[in-house]
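A closer look at the structure
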Amino acid sequence: MMSLRRTRTIAALAAASALALSACGGDTTTEESSTTESATSASSEPTSEGSTESPTETPSETSSSEGDDDASEGSVTATKSGLTFDVPDGWETIDPSALADKPEDAPESIKTMAEDAGMPVDQFLQNLSTAIDVLVMGEAEDGYAQNINVVAGPAAVDTTQLKANLEQQNATITGTEEIKTEAGTTPMATYTMPVGDQTVHGAMIAAPSDSGAGIITVSTLDEGDTEEIAKTITDSVKKS
């Protein structure tokens, strides 16, 4: 049961990353998406996100907010995207790039993902850091861990692009809107997606950044949870 749940975590993370990356467009996007998928190919049978331990603080949490005087408890800085936003209290923040050179400091959730993917932790982190700016994971519910992942995009993204690329990934769009945030006008698309025998409720938020956009994806099994988390992000997101 635990192995299945962890396997689902990896496969679904790859799917979420592919969604965000494809929305960015460009040759770099394609290469990064392929890298992420290859990192998880060893465990791609079932697809849903799984469990994680939630320590009070990890090295990645410290590095993700370092240098941002406005970052508060429950906030995350996506360094490649240049964005800061609030997240639910108690969630585990993982910065793959910060951990890539010190895999021994990786939290147990990452070590477990690497083991299930059949590769050393340092290699798994290198693959993950190619695509993911920062990953924030909540507690597992029904074998699925709510999560937020961020991908740095090289160009601004609008709702039409979000919608088109989500549909290419077998997602059903439930709504699109443009939200005024501190970062600027921020497109968002909400959707559902079959993941194994479950339905994931997602929100993809394309917050403007100095380099293009930070593609923030929220994934849970509950529409209300996704809506609440997405609102927390759009109410707080700003350029760091």
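Parameters at a glance
- Numbering of residues begins from 1 in every chain and follows the order in which that chain's sequence is written.
- With pLDDT at 70 or above as the cut-off, local features in this predicted model cover only qualifying residues; side-chain atom pairs require 80 or more to be listed or tallied, and sums for whole chains, interfaces and linings still use all residues.
- Calculation of side-chain values draws on the structure's entire complement of heavy atoms; hydrogens and water are dropped beforehand.
- Throughout this description, buried means an accessible area under 20% of the type-specific maximum (1.4 Å probe, protein chains only), exposed means over 50%, and partly exposed covers the range between.
- Put simply, DSSP H or I for four residues or longer makes a helix, DSSP E for two residues or longer makes a strand, and each gets a number counted from the N terminus.
- The directions from the helix axis to the C-beta atoms are what the arc is built from.
- Side-chain atoms alone can form a polar contact between residues adjacent in sequence; in general such a contact is a pair of N or O atoms within 3.5 Å, and within protein one must be able to donate a hydrogen while the other accepts it.
- Only when DSSP finds a minimum of two bridges between them are two strands counted as paired.
- Orientation is described by axes fitted as lines to C-alpha atoms, over the contacting stretch for helices, and by angles from 0 to 180 degrees between their N-to-C directions.
- Here a residue-residue contact requires only that any non-hydrogen atoms of the pair lie within 4.5 Å.

**Describing helix α7 (residues 159–168)**
Taken as a whole, α7 has its buried residues at Thr159, Leu162, Asn165 and Leu166. For α7, the angular spread of buried residues about the axis comes to 140°, placing them on one side. Along α7, exposed side chains directed more than 90 degrees from the buried face belong to Thr160 and Gln168. At the N-terminal end of α7, a side-chain oxygen is found 3.2 Å from the backbone nitrogen of Thr160, two or three residues along, and the residue is Asp158. Backbone geometry just downstream of α7 places Asn170 in the positive-phi region, at approximately 70°.

**Digging into the sheet that holds strand β4 (residues 134–141)**
Pairing is antiparallel in the open sheet, where seven strands are placed in the order β3-β4-β5-β9-β8-β7-β6. The sheet terminates laterally at β3 (92–94) and β6 (172–181), the two strands that pair on one side only. Across the sheet, the mean angle from the axis of one strand to that of its neighbour is 20°, orientation sign disregarded. Relative to strand β5 (residues 144–153), β4 runs antiparallel, the two being bridged by six bridges. The residue of β5 that forms the bridge with Val136 is Ile148. Running at roughly 15° to strand β7 (residues 184–195), α7 makes contact with β6, β7 and β8 (198–209) of the sheet.

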